Amino acid sequence: MQERANRETDRTMAQQSSPTLADVHTPPLHNHWYVAGYADEFDEGLHERMFLDRSIVIYRKQDGDLVGLQNRCAHRSFPLAHGWREGDTLRCRYHGARYDAEGRLVEIPSMAACPRVSVRRYPMRIAGPLAWIWMGPPDAPGPLPETPWLGEGWTYATGQYPLQGNWLLMAENLMDLTHIPFLHASTFAFPKGFAQAPIKLEVAGERLSFYRDNPPAYHRSGMMRPALSDALEAAGFTARSTVEFVSPALTFGRGEFFPTQGAMPQPDYMWRVAHFMTPETQGRTHYWYFHARNYDLADAALTEQIRALVVAGFDEDKFAIEQIQRMHDEDRHAYSEVQFRSDAPAVAMRRIVAAMAAREAQA
């Protein structure tokens, strides 16, 4: 009976394509905090960045706070990032207009008085190693995403990629792990049977998570020293792997191992693989990854080993995403998307994003 039900589900999913699902043409979502970069890359100089099709100039004030302003002088559209600092204010290089850190025009050299004019201000925050920017209405920023695994008691390997692809393609890649035995055949070496592992999906409002059974020897995937893997086997352990969609800016995976019998130095061994995505334009994405762990914190060699393994895998993801974007951009075949049963988390995520986009469009 279950096999028949699975076949019916497969047939239904393969025929399903709904306009209520977000896709690469869905406009970027503004009412969210997005990563702007590593906190230490922003100093008192002027840094030009493009987020969600908007050019923004970022700098650090004398008190250490970050400022994000529309990178376009209200006079003749000269980019403010090519001007200069005067204290915490910016001077436009074209005709000398000066703006304060709130974006207000405070001086026009050729006039005695200033009209009440401002450029757009974007709230910014620093949390741990990251600088965040709020792309929605500046007077109503929501709470920052919680990232406790980037703080005390954890260490991490990290890196950054420019993706020539829509952010949703990366988010969907993270929602459908059945690609691992195929796209990552030469790196992670998961058995093909992993693609058939049952998925348990949970949706709570605009967040979702899904779980699956770990493949054999998951704890020997290169993310732990062999001695630690041996110790876990000797002690006995339970394990779980999870992926969670938090917002358009953040999706992360969890690997968790809990010793059950023998003595171990700590009660749990965990890693978090965080994926931060900030749309640059409709077809380009800023992407940062962190592989954080709560064990062997001082083992720099393990951190480098993990970084190399993660980079090899993410290079393959980058290749796939950019090829898919190329087909969307260039191929003119008639196209009707099909869904597989394993796409349930991706479909749920795309439905959430479509609802977010519809609300923003109404507002």
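Please read these numbers as outputs of a predicted model, since none were measured by experiment.

Draft legend 1. How the structure looks around a nonpolar patch on the surface. On the surface, I199, L201 and V203 cluster together into a nonpolar patch covering about 210 Å² of accessible area. Take L201: its relative accessible area is 35%, and that puts it in the partly exposed class.

Draft legend 2. Structural detail: the pairing of strand β3 (residues 54–60). Where burial is concerned, most of β3 is hidden: five out of the seven residues are buried. As judged from the five bridges shared by strand β2 (residues 47–51) and β3, these two strands associate in the antiparallel manner. Looking across to β3, one finds that M50 is bridged to S55. Where β2 folds back on β3, the antiparallel hairpin that results is connected by two residues, among which L52 adopts a positive phi of roughly 50°. Across five bridges, β3 lies against strand β4 (residues 66–70) in antiparallel orientation. Bridge assignment links V57 to a residue of β4, and that residue is L69. The hairpin turn running from β3 into β4, its antiparallel successor, is five residues long, and G64 in that turn takes a positive phi close to 95°.

Draft legend 3. The arrangement of the sheet that holds strand β15 (residues 237–247) in detail. Pairing in this open sheet of seven strands is antiparallel, and the strands run β12-β18-β17-β16-β15-β14-β13 from one edge to the other. With one partner strand each, in any of the chains shown, β12 (155–163) and β13 (199–204) form the two edges of the open sheet. For this sheet, the mean angle separating the axes of adjacent strands, direction not counted, is 15°. Looking at chain direction, strand β14 (residues 207–212) and β15 are connected through five bridges and run antiparallel. Paired with L208 across the two strands is F245, which belongs to β15. The strands touched by helix α2 (residues 167–175) within the sheet are β12, β14, β15, β16 (250–259), β17 (269–281) and β18 (284–293), with β17 carrying the most contacts at an inclination of about 160°.

Draft legend 4. Representation of helix α5 (residues 300–330). Compared with an ideal rise of 1.5 Å per residue, which puts 31 residues at 45 Å, α5 spans 44 Å between its outermost C-alpha atoms and is within 8% of the ideal. Put simply, D299 is the residue that caps the front of α5, since its side-chain oxygen is 3.2 Å from the backbone nitrogen of A301.

Draft legend 5. Up close: the confidence of the model for the protein chain. Chain-level pLDDT for the protein chain is 92 on average; 94% of the residues reach the 70-or-more range. In this model residues 7–17 is a low-confidence stretch, pLDDT under 50, and it forms 16 contacts with partners more than four residues away in sequence or in other chains.

Draft legend 6. How the structure looks around α2. Of all nine residues that make up α2, eight are buried, and the element is covered over most of its length. Where α2 is concerned, the buried positions are W167, L168, L169, M170, A171, N173, L174 and M175. A side-chain oxygen of the first residue of α2 lies 2.8 Å from the backbone nitrogen of L168; this N-cap is N166.

Draft legend 7. Quick peek at the pattern of salt bridges. Overall, the coordinates contain 24 salt bridges when judged by the stated rule. For D230, the salt bridge is made with R220, and the minimal N-O distance between the two is 2.5 Å. Separated by ten residues along the polypeptide, D230 in helix α4 (residues 226–235) and R220 in the loop between β14 and α4 bring together distant segments of the chain. Of the charged contacts, one joins R225 and D296 as a salt bridge, the two residues approaching to 2.7 Å between their closest N and O atoms. One end of the pair, R225, is in the loop between β14 and α4; the other, D296, is in the loop between β18 and α5, with 71 residues separating them in the sequence. If you follow the salt bridges from partner to partner, you end up with R207, E244, R254, E256 and R272 in one network.

Draft legend 8. Unusual backbone geometry, seen in detail. The phi dihedral of L52 falls on the positive side, at around 50°, and the residue is not glycine. Relative to the helices and strands, L52 is located in the loop between β2 and β3. Phi is positive for D53, close to 65°, though the residue is something other than glycine. Position of D53 relative to the elements: it lies in the loop between β2 and β3. Residue classification places D53 among the partly exposed positions, given a relative accessible area of 45%.

Cut-offs and rules
Residues numbered from 1 in each chain as written. Predicted model: local features only at pLDDT ≥ 70, side-chain atom pairs only at ≥ 80, totals over all residues. Heavy atoms only, no water. Patch = residues over 30% accessible without salt bridge, like charges linked within 9 Å, V, L, I, M, F, W, Y side chains within 5 Å. Areas by Shrake-Rupley, 256 points an atom, 1.4 Å probe, with all protein chains shown as cover. Salt bridge = Lys/Arg side-chain N within 4 Å of Asp/Glu carboxyl O. Buried < 20%, exposed > 50% of the residue type's maximum accessible area, 1.4 Å probe, protein only. Helix = DSSP H or I, 4+ residues; strand = E, 2+ residues; numbered from the N terminus. Pairing = 2+ DSSP bridges. Axes fitted to C-alpha atoms, helices over the stretch in contact; angles between N-to-C directions. Contact = heavy atoms within 4.5 Å. Expected span 1.5 Å × (residues − 1). Polar contact = N/O pair within 3.5 Å; in protein donor to acceptor, adjacent residues only side chain to side chain. pLDDT = per-residue confidence, 0-100.

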